[in-house]
Each structure stands twice: as structure tokens, then as C-alpha cells.
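Given next are the chains, with one letter for each unit.
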Amino acid sequence: MDQVEAIGVVKGFDIPDPTTIDSLKGQVSDVEWALRCDLAATYRLAALYGWDDLVFTHISLRLPDEDGKARFLMNPYGVLFDEMTASSLIKIDVDGNLVGSTPYFPNPAGFTIHSAVHMNRHDANCVLHLHSPYGVAVSAQKGGLRRYTQFSMIVHDDLAYHDYEGIALDLSERERLVKDIGEKNLLMLRNHGTLTMGENCAIAFLRMYFLEQACKTQILAQAAGTENLIEEPEEMGNLVRQQGAPGFAKGLGDNLTWPGLMRKLKRQNPGFDH
């Protein structure tokens, strides 16, 4: 099958500028609109922190069920992270199929990883997946994330690993991915990238912030050679994780960081709430 046919569009398609489409505010429930704004903001924040990869990664958010069926928000294929808006986000079902009317189309393969996590972890309302340079660099290391820094120790023991199986097109990979992640909240997809989850966008973003900082500082420290690096023992890692865990509790870490991040975003890249 032609690659263009595989994503359900014809050659020569147009992708509308997300700032010019009609706003969905007032056309969807207040709950859905608030969630749309949070997710669009999360996309723009990822771009602001340099974590985006053109249109090739995804952040998804679970909506309240409709008629007993699971519904999710995700980015439309072809819209950049830094131009994402609440109204341009697409609503999809558990298989990545469109629900409702939209001028955009999804990347069904992009939801393979996300659907596995959402449907097997009821606390995973938001799933954030990246291909950032530092995250990918650490994912390619046999030893994975090391306990070199406080950043890494905060997330080290909550991090699972999943072996590379190629671009996520095979739905059977979902079962193996779910088994690998277990009850942990962060995932290193080897030779591929990183993933975090959370009860809301704020917590998933905060977990990714610490994982990104951990990967970045590891690569920077290793640049001078590994023979003089100090890796803390497992016991210290356990202690630091326990000390840092309250920061990821709903109502604490999100309340501390998310309002400030929203103010920063409105100053530097307003318009996500269109």
C-alpha cells in the first residue's frame, strides 16, 4: 500500500493553518474545552523547551467517555507543536479513528503506543512521548539512565525499559509494551525515545521535565569521559525517589508548576486557547 493511502488521505492534500479554523469553544462541553486547552498548552510547552520533533511524536489526553466508549485527544498530523491550538486537536477512539468533524486527519500509527498505555493504566490520563536528542541518546546506551545526578535519582526507580521493535505500526507490540511498563510511570523506548504518563497534563509534563534533565546531564557528564563519574548506590537512589515523590502527587506538583508554566506560555507563545 502507498504510504499516503495508509494514512487515509490523497496526494496533494492541504493542512489548514490551526489559527484560522473556527474555535470549538462553546461547541464542546466546558470539561472538554478545558482539557483541550491544557493539551494544546502541553504541545507548545514541549516545543518551547526544545523537545519537539516536527510532527512526528504525540501527546494524548483521555476525555470523559461518550456513550460508554473511550475518547482521546491527540495532535492532527501535519500541525507543528508550537502552533497547536485547542480547536485543532482531533478526537479519536481507542483505535485512533476520528470521532466527529474536523478538517484534519490522524496518524493512526501514532496512537499505537498511547492506546496501550491509556487502556491498561487508568491513572494514565495524559501520555507524553518524545524523540528528544538527549532522551534518544540515553535510550541507545546499554546501561540506560544512570544515578549520576539528583535529576536522575528522582525518576530512576520509576523508569521502565522497552526494547526496540521498529516504527510502532504493529498493534501486537502494545501487549509487550504494557508488560514492560508495569506499574511504573516513565518509559525508555530503547533506540527510540522517552515516555511519561500522569493523571493530568501537568504531572506528565513534570515527569518528562525531570527525565529530560536527567538524560541531558548524563550526556553532558559523559562527554568528559566516564572514568571519573560518581554514580550513587541503589540505596541513595531509593531515598531520593521517596523524597521527590510528593512532587508528582496530583494537587501538589501540578499546582506548584503548571500555573507558572501557563503564564510563561502566554508571554512567549500565546494563542493555544483558540
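One structure accompanies this document, and this report is about it. As a convention, each chain's residues are numbered from 1 in the sequence order in which they are written. Where local features are concerned, this predicted model is filtered to residues with pLDDT of at least 70; where side-chain atom pairs are given and counted, the filter is 80 or more; whole-chain, interface and lining totals use all residues. Side-chain descriptors were evaluated using all non-hydrogen atoms of the structure, hydrogens and water having been removed beforehand.

### With respect to the overall build of the chain
Applied cut-off: For helices the rule is a DSSP run of H or I covering at least 4 residues; for strands it is a run of E covering at least 2, with both sets numbered from the N terminus onward. The globule rule used for comparison is 2.2 Å times the number of residues to the exponent 0.38, while the radius of gyration itself is calculated over C-alpha atoms. Whether a residue is buried, partly exposed or exposed follows from its accessible area with a 1.4 Å probe, protein chains only, as a fraction of its type maximum: under 20%, in between, or over 50%, in that order. Between two residues, a contact is recorded if the distance between any of their heavy atoms is within 4.5 Å. Method for areas: the Shrake-Rupley scheme with a 1.4 Å probe, in which residue coverage is limited to the protein chains shown. Counted as positive: Lys and Arg. Counted as negative: Asp and Glu. His and the chain ends are not counted at all. In this description, the location of a charge corresponds to atom NZ of lysine, CZ of arginine, CG of aspartate or CD of glutamate.
Across its full length, the chain carries nine helices and seven strands. Relative to a compact globule of 274 residues, whose C-alpha radius of gyration would be 19 Å, the chain shows 19 Å and is just as compact. Taken over the C-alpha atoms alone, the chain extends approximately 55 × 45 × 35 Å along its principal axes. In the chain, which comprises 274 residues, the proportion classed as buried is 48%. Put simply, 68% of the contacts in the chain that link residues at least 6 apart link residues at least 24 apart. Working note: accessible area of the chain is about 13,100 Å², and carbon and sulfur atoms make up 51% of it. When the 25 positive and 36 negative side-chain charges of the chain are each reduced to one mean point, those points stand 3 Å apart.

### Notes on the nonpolar core
For clarity, the threshold we go by: Note on terminology: a nonpolar core comprises buried Ala, Val, Leu, Ile, Met, Phe, Trp, Tyr and Cys residues joined through side-chain atoms within 4.5 Å.
Counting residues in hydrophobic clusters, the biggest one holds 56 residues, and the most contacted among them are Leu39, Tyr43, Ile59, Leu145, Val155, Leu211 and Trp258. Of the residues forming this core, the biggest block, 10 residues, is contributed by helix α7 (residues 201–222). Sequence-distant contacts of Ile59, defined by excluding residues within four places in its chain, comprise Leu39, Thr42, Tyr43, Ala46, Leu73, Met74, Asn75, Phe81, His114, Cys126, Val127 and Leu128. Membership of the second largest hydrophobic core comes to 13 residues, among which are Ala168, Leu177, Ile181 and Leu189.

### Here's the deal with the pairing of strand β2 (residues 69–74)
Counted only if it meets this: Pairing between two strands is assigned when DSSP locates at least 2 bridges connecting them.
Among the six residues of β2, five are classified as buried, and the element is accordingly described as predominantly covered. Examined bridge by bridge, strand β1 (residues 58–66) and β2 share four bridges and lie antiparallel to one another. Residue pairing across strands places Arg62 opposite Phe72, the latter belonging to β2. In this structure, the hairpin formed by β1 and β2 is closed by a connection of two residues, where Asp67 is found at a positive phi of approximately 55°.

### Comments concerning the environment of Leu24
The residue Leu24 is located in the loop between α1 (3–6) and α2 (30–48) in this model. Relative accessible area serves as the criterion here: at 24%, Leu24 is assigned to the partly exposed category. Leu24 sits 170 residues away from Thr194 along the chain, and the two C-alpha atoms are 31 Å apart.

### With respect to the sheet that holds strand β7 (residues 193–198)
Picture the strands of a sheet paired through backbone hydrogen bonds; they go either parallel or antiparallel. Let me state the cut-off plainly: Fitted lines through C-alpha atoms give the axes, limited to the stretch in contact for helices. The angle between two N-to-C directions lies from 0 to 180 degrees.
Overall, mixed pairing links the seven strands, which are arranged β3-β2-β1-β4-β7-β6-β5 in an open sheet. Taken across any chain shown, the strands that pair with only one partner, and hence form the sheet edges, are β3 (90–92) and β5 (159–162). Going across the sheet, the axis of each strand differs from the next one's by a mean of 25°, ignoring polarity. Examined bridge by bridge, β5 and strand β6 (residues 186–189) share four bridges and lie parallel to one another. Residue Ala160 lies in a different strand from β6, and its bridge partner there is Leu187. Most of the contacts of helix α6 (residues 173–181) go to β5, to which it runs at about 150°, and overall it touches β5, β6 and β7. Sitting on the sheet, α7 is in contact with β1, β4 (126–130), β5, β6 and β7, with an inclination near 145° to β7.

### Describing the environment of Phe151
Note that Phe151 resides in helix α5 (residues 150–156). Considering only alpha carbons, one finds Phe151 and Glu212, 61 residues apart in sequence, at a separation of 8.8 Å. Among residues more than four places away in sequence, those in contact with Phe151 are Phe210, Gln213, Ala214 and Thr217.

### Considerations on a nonpolar patch on the surface
Our working rule: Like-charged residues are merged into a patch within 9 Å and nonpolar side chains (Val, Leu, Ile, Met, Phe, Trp, Tyr) within 5 Å, provided each residue has over 30% relative accessible area and no salt bridge. Any carboxyl oxygen of Asp or Glu within 4 Å of a side-chain nitrogen of Lys or Arg constitutes a salt bridge here.
On the surface, a nonpolar cluster with roughly 280 Å² of combined accessible area is contributed by Leu54, Phe56 and Leu80. Tracing the backbone shows Leu54 in the loop between α2 and β1. Take Leu54: its relative accessible area is 53%, and that puts it in the exposed class.

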